[in-house]
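Structural overview for review
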Amino acid sequence: MPLSDFVDALKDNPYFGAGFGLVGVGSAIALARKSAQFGMIFFRRNYMITLEVPSRDKSYHWLLSWITKHAKHTQHLSVETSYMQHESGRVHTQFDFHPSPGNHIIWYGRKWIRVERTREKQMVDLHTGTPWESVTFTAMGRNRDVFFNILQEARELALKQEEGRTVMYTALGSEWRPFGFPRRRRPLSSVVLEQGLADRIVDDVKEFIGNPKWYTDRGIPYRRGYLLYGPPGCGKSSFITALAGELGYSICLMSLSDRSLSDDRLNHLLSVAPQQSIILLEDVDAAFVSRELLPIESPLAYQGMGRLTFSGLLNALDGVASSEARIVFMTTNFIDRLDPALIRPGRVDLKQYVGHCTHWQLTQMFRRFYPAEPATEGDRFAESALAAHPNISAAQVQGHFMLFKMDPTGSIDNVAKMKE
Ligand SMILES: Nc1ncnc2c1ncn2[C@@H]1O[C@H](COP(=O)(O)OP(=O)(O)OP(=O)(O)O)[C@@H](O)[C@H]1O
Ligand SMILES: [Mg+2]
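Quick caveat, the model's predicted, so the values are computed rather than measured. (Residues numbered from 1 in each chain as written. Chains lettered and ligands numbered in written order. Predicted model: local features only at pLDDT ≥ 70, side-chain atom pairs only at ≥ 80, totals over all residues. Heavy atoms only, no water.)

What follows deals with the pairing of strand 11 (residues 223-229). Of all 7 residues that make up strand 11, 6 are buried, and the element is covered over most of its length. In this structure, strand 11 lies alongside strand 14 (residues 326-332), joined through 7 bridges in parallel fashion. By the bridge assignment, Gly-225 is partnered in strand 14 with Val-328. (Buried < 20%, exposed > 50% of the residue type's maximum accessible area, 1.4 Å probe, protein only. Helix = DSSP H or I, 4+ residues; strand = E, 2+ residues; numbered from the N terminus. Pairing = 2+ DSSP bridges.)

This is the structure in structure tokens:
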């Protein structure tokens, strides 16, 4: 507040209006108190700087981690538990500590900084259904650089955690939230697909990412859809994770059988997906089958709540258009259950069967697992494996090798016992 405003404010003040001569002692105290208040406001406005970061902002979570790192001595923590249930029913949980709502004091850059994390009791973010939150940083002085440095450090800290890692996002309300800590990137070579298959997909995706101009010049939406189909345990999901690592992309994992998913929400989510990410729709065949059972299961719970319709899904897929490369991967075990409209070109541009292990795959897997063994042993393993089980998945082979970690010959001799 400029000084002139301050003086004006004092003039408007009733105590001043009344004049000093007429006021009693009580009023004088009140005046002193008021002046002190004005003084404080004046001081705050001119000699303190504050930065407020609402929870909707991307940097909010980075800053929370930054505060956790710097407010080492704070004894007041709150926990954020991430919970994810896979299609298989497996549940994954993780605990992250954050500074709890309230005040924290941090010594940073030769300054005391007060950090206040507030959580509104009355206000709820309608998009996510979570309480509205913000953090406010207050520091002495007028130099904003301190906040700029904090933001930059928080970002670097977050990026460092993500370096060489793949971030998984899941949908929370209408936003994408990182799920758990970023995972270590899975090398592409660790997923052994049929000869040349992985390269074909990787080249296709890289070509797509590298040529935005081709699309804009022709007025074609800049997106590409992929469908991997085939029996379970043959590496569809693993390959997509490894591909994301190879590209330095994150993964937005979305389950179409999520009952709270409506047409609008899906549409919104697809359009706000983080940049440089692969949208992964697993088991697309399951989405609409399971939905038909829904009204019987819980007639009341979802009444009045929009649900995802098949045409809603198609519209959402078609609507995904941005200047960023948009990559959608879908997986299914049953391609014949999919509606042809879903996998027509434009929605799915590349379909790829990922099948049971071939001779070549088996030799490669053997070599990767037992690098010291001569190549002929790999051939011997592949031959006896295929003779015993013509249809085996890579997951079964991997499980078998784990039983014979140190015993390559044992793994060949016992190949007939491999679990189907
Ligand atoms: N081609 C492969 N090379 C190496 N490991 C593999 C391969 N395929 C599967 N695995 C291993 O088997 C496990 C299951 O694989 P994954 O989840 O990728 O299968 P999927 O094809 O997605 O199966 P589903 O159809 O059931 O989703 C993973 O732990 C993975 O490491
Ligand atoms: Mg899978």
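And the narrative resumes.
Let us now look at the site of ligand 1. Neighbouring ligand 1 are 16 residues, the closest being Val-192, Lys-236, Ser-237, Ser-238 and Asn-333. Within the backbone of Gly-235, one N or O atom sits 3.0 Å away from a nitrogen atom of ligand 1. Taking Asn-333, its side chain carries an N or O atom lying 2.7 Å from an oxygen atom of ligand 1. Burial of ligand 1 by the protein chains amounts to 78% of its free accessible area of 620 Å². Going through the elements one at a time, helix 8 (236-247) and helix 15 (394-403) are the ones with two or more residues in the shell around ligand 1. (Near = heavy atom within 4 Å. Polar contact = N/O pair within 3.5 Å; in protein donor to acceptor, adjacent residues only side chain to side chain. Areas by Shrake-Rupley, 256 points an atom, 1.4 Å probe, with all protein chains shown as cover.)

Moving on, we get to the nonpolar core. In terms of nonpolar packing, the biggest core is built from 31 residues, with Phe-239, Ile-278 and Phe-329 touching the most fellow members. Looking at this core, the elements with two or more residues in it are helix 6 (197-210), strand 11, helix 8, strand 12 (250-254), strand 13 (277-281) and strand 14. Setting aside residues no more than four positions away along its own chain, Phe-239 makes contact with Leu-188, Val-191, Leu-193, Ala-198, Ile-201, Val-202 and Leu-228. (Core = buried A, V, L, I, M, F, W, Y, C linked by side-chain atoms within 4.5 Å. Contact = heavy atoms within 4.5 Å.)

In the structure shown here, the tally under the stated rule is 9 salt bridges. Residue Arg-114 pairs with Glu-116 through a salt bridge whose shortest N-O separation is 3.6 Å. Residue Asp-204 is joined to Arg-224 by a salt bridge in which the shortest nitrogen-to-oxygen separation is 2.7 Å. On the criterion of sequence distance, the pair formed by Asp-204 in helix 6 and Arg-224 in strand 11 is long-range, its members being 20 residues apart. One network of salt bridges, in which partners are shared, links Arg-117, Arg-119 and Glu-133. (Salt bridge = Lys/Arg side-chain N within 4 Å of Asp/Glu carboxyl O.)

A contiguous nonpolar surface patch, about 370 Å² in accessible area, is contributed by Met-40, Phe-43, Tyr-47 and Met-140. For the nonpolar patch, the element with the most residues is helix 3 (residues 25-47), which contributes 3 residues. Mapped onto the elements, Phe-43 comes out in helix 3. You can call Phe-43 partly exposed: its relative accessible area is 30%. (Patch = residues over 30% accessible without salt bridge, like charges linked within 9 Å, V, L, I, M, F, W, Y side chains within 5 Å.)

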